[in-house]
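# Coordinate inspection notes
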Amino acid sequence: MFSLIAPRGCSLSRGTGQIIQKGSCYALFSSRSLITAAKEGNVGFVTEEISDIREHYNVGGEIGVGRFATVYSASCRETGAVVAVKKLKKKNLLDLTPLRNEVEVLRRVDSPHCMRLIDTYEDDHCLHIVTEMYTGGELFEHLVRDENLLFSERDAAHIMRQVIEGLAYCHKNDVAHRDIKPENIMFKTSEPDSQLCLVDFGMSCIFNPDDISPAMRQQVGSPSYVAPEVLGGTYN
């Protein structure tokens, strides 16, 4: 659902952009990872900077909801640009380490085929993650909307080229998405030739295969799509 870049003021550069659907597998798995995450992280602040999102954005209606977060549409007070705002209430979380990780990953990612972070705002109670707004819907929605709809080999190749370009960018920058599925691939607009991008980096991590301990071990992902190696607890 989410083409617009900006500094804290608001000029623009999903997810989150990421939209958290009710009853989705994302809510199920990210809930577990947030609750059982390592207790070393001090619950307090994610960004180490206090700011009020209302100074820069008019926050509008709800467009998605999950166990820990609600996503709203918003507009920049300075430019009028429409964005998506993911609001998380920190009191609902036992540990903020996964959120710190998500923000760090989003700040690292800057590709046409990956959800783009615009800014973050945080106060004593909530963290707001501002991203581009994508309006074309999920790839999954396009696949199931019409049971008689057929994708040609050319269509499939066009889609997969963009997905692979997004993944290649992530891997080149030491980011593992860890939840690739049609629901996390979105069309930026409703135009027939719209670009696709990867969204929802809530289960991603920064991974350097040259580290001393190269294997990832956290069991994350969506049940219908997760790889056996991930369930086995050792993968790269």
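Here's a quick rundown of the structure.

The rules behind the values
Residues numbered from 1 in each chain as written. Predicted model: local features only at pLDDT ≥ 70, side-chain atom pairs only at ≥ 80, totals over all residues. Heavy atoms only, no water. Core = buried A, V, L, I, M, F, W, Y, C linked by side-chain atoms within 4.5 Å. Buried < 20%, exposed > 50% of the residue type's maximum accessible area, 1.4 Å probe, protein only. Helix = DSSP H or I, 4+ residues; strand = E, 2+ residues; numbered from the N terminus. Patch = residues over 30% accessible without salt bridge, like charges linked within 9 Å, V, L, I, M, F, W, Y side chains within 5 Å. Areas by Shrake-Rupley, 256 points an atom, 1.4 Å probe, with all protein chains shown as cover. Salt bridge = Lys/Arg side-chain N within 4 Å of Asp/Glu carboxyl O. Pairing = 2+ DSSP bridges. Axes fitted to C-alpha atoms, helices over the stretch in contact; angles between N-to-C directions.

### Notes on the nonpolar core
- Judged by nonpolar contacts, the single largest core of 31 residues is most densely connected at Leu99, Leu127, Ile129, Leu198 and Phe201.
- Elements that contribute at least two residues to this core include exactly α2 (97–108), β5 (126–132), α4 (153–172), β7 (185–187) and β8 (196–198).

### Re a nonpolar patch on the surface
- Taken together, the side chains of Phe140, Leu143, Val144, Leu149, Phe151 and Tyr225 make up a nonpolar region of the molecular surface, amounting to roughly 500 Å² of accessible area.
- For Tyr225, the position within the fold is in the loop between β9 (205–206) and α5 (228–232).

### Thoughts on the sheet that holds strand β2 (residues 69–76)
- Pairing in this open sheet of five strands is antiparallel, and the strands run β1-β2-β3-β5-β4 from one edge to the other. Each of the sheet's edge strands pairs with one partner strand only, and the pair in question is β1 (57–65) and β4 (117–122). Strand-to-strand twist of the sheet, defined as the mean angle between neighbouring strand axes without regard to direction, takes the value 25°.
- Judged from the five bridges that link them, β4 and β5 form a sheet pairing that is antiparallel. Of the residues in β5, the one forming a bridge with Asp119 is Val130.

### Points about the pattern of salt bridges
- Scanning the entire structure with this criterion turns up six salt bridges.
- Glu122 is paired through a salt bridge with Lys90; the nearest N and O atoms lie 2.9 Å apart. Residue Glu122 is found in strand β4, and its partner Lys90 is found in the loop between β3 (82–89) and α2; the two are separated by 32 residues along the sequence. There is no split in this pair, since Glu122 and Lys90 are both buried.

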